[in-house]
Amino acid sequence: GDVSIDGDLTVNGVKIDGSKTITHETNVQGEIGTFCETNGGIYDGYEKIDQTDCICQVVQSTTLNTKIVGIITSKSQFASHGDVLVKIVPGTYKLGDILCPDISGKARVATETEKQFMMLNAIPRPKITSLDTKIEGTVACFII
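None of the values given here were measured: they were computed from a predicted structure.

1. Notes on the packing of aromatic side chains
Now for step 1: One pass over the full model with this rule turns up one aromatic pair.
Now for step 2: A centroid spacing of 5.1 Å and a plane angle of 80° characterise the contact between Tyr43 and Tyr46, whose relative ring orientation is edge-to-face.

Below is the structure:
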């Protein structure tokens, strides 16, 4: 049945169903489904910055660069690992393609040189896992 909670809730344990995508609550500026990068700020929702409460603020990326940290998944979250929907520029895509940001902010297929850059600089790499999302202009990816 339905559960109603009035007030703050802290839950400890392991979620045993659903996606294991790692998302981060933060200040987000940009379009859902696009690459994001740190702007150098820390999320302003913390009461106190500490060892596990220090996630960066993010803005949409329009170039491949070392500040990229993931994909925007909501108005207040980005994903750094796991499954996400990614908006793509028109083009030809296939399963296994690695994506990088386009000047439009959407994703395109990365070149071999760009893939090497992404690996050497620890940039999250969305790999296409499905072209059949039923959402035009969007592919399903797993961030590796």
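There's more to say after this.
2. Digging into the pattern of salt bridges
Now for step 1: Overall, the coordinates contain seven salt bridges when judged by the stated rule.
Now for step 2: Note that Lys115 is salt-bridged to Glu112, the shortest N-O span being 2.7 Å. Taken together, the positions of Lys115 and Glu112, both in helix 1 (residues 112-120) and three residues apart, correspond to about one turn of that helix.
Now for step 3: Lys115 gets classed as partly exposed once you look at its relative accessible area, which sits at 23%.
Now for step 4: The salt bridge involving Asp132 is made with Lys134; its shortest N-O contact spans 2.8 Å. Each member of the pair, Asp132 as well as Lys134, carries the same accessibility label: exposed.

3. Topic: unusual backbone geometry
Now for step 1: You will see that Ala122, though not glycine, has its phi angle at about 55°, which is positive.
Now for step 2: With respect to the helices, strands and loops of the structure, Ala122 is situated in the loop between helix 1 and strand 9 (126-130).
Now for step 3: Ala122 sits in the exposed class, given a relative accessible area of 67%.
Now for step 4: Positive phi is not limited to glycine here, since Lys134 has a value of about 65°.
Now for step 5: Considering the arrangement of structural elements, one finds Lys134 in the loop between strand 9 and strand 10 (138-143).
Now for step 6: Judged by its relative accessible area of 71%, Lys134 is exposed.

Calculation rules
Residues numbered from 1 in each chain as written. Predicted model: local features only at pLDDT ≥ 70, side-chain atom pairs only at ≥ 80, totals over all residues. Heavy atoms only, no water. Phe/Tyr/Trp six-rings, centres within 6.5 Å; stacked < 30°, edge-to-face > 60°. Salt bridge = Lys/Arg side-chain N within 4 Å of Asp/Glu carboxyl O. Helix = DSSP H or I, 4+ residues; strand = E, 2+ residues; numbered from the N terminus. Buried < 20%, exposed > 50% of the residue type's maximum accessible area, 1.4 Å probe, protein only.

Everything listed is a geometric property; what it means functionally is a separate question.
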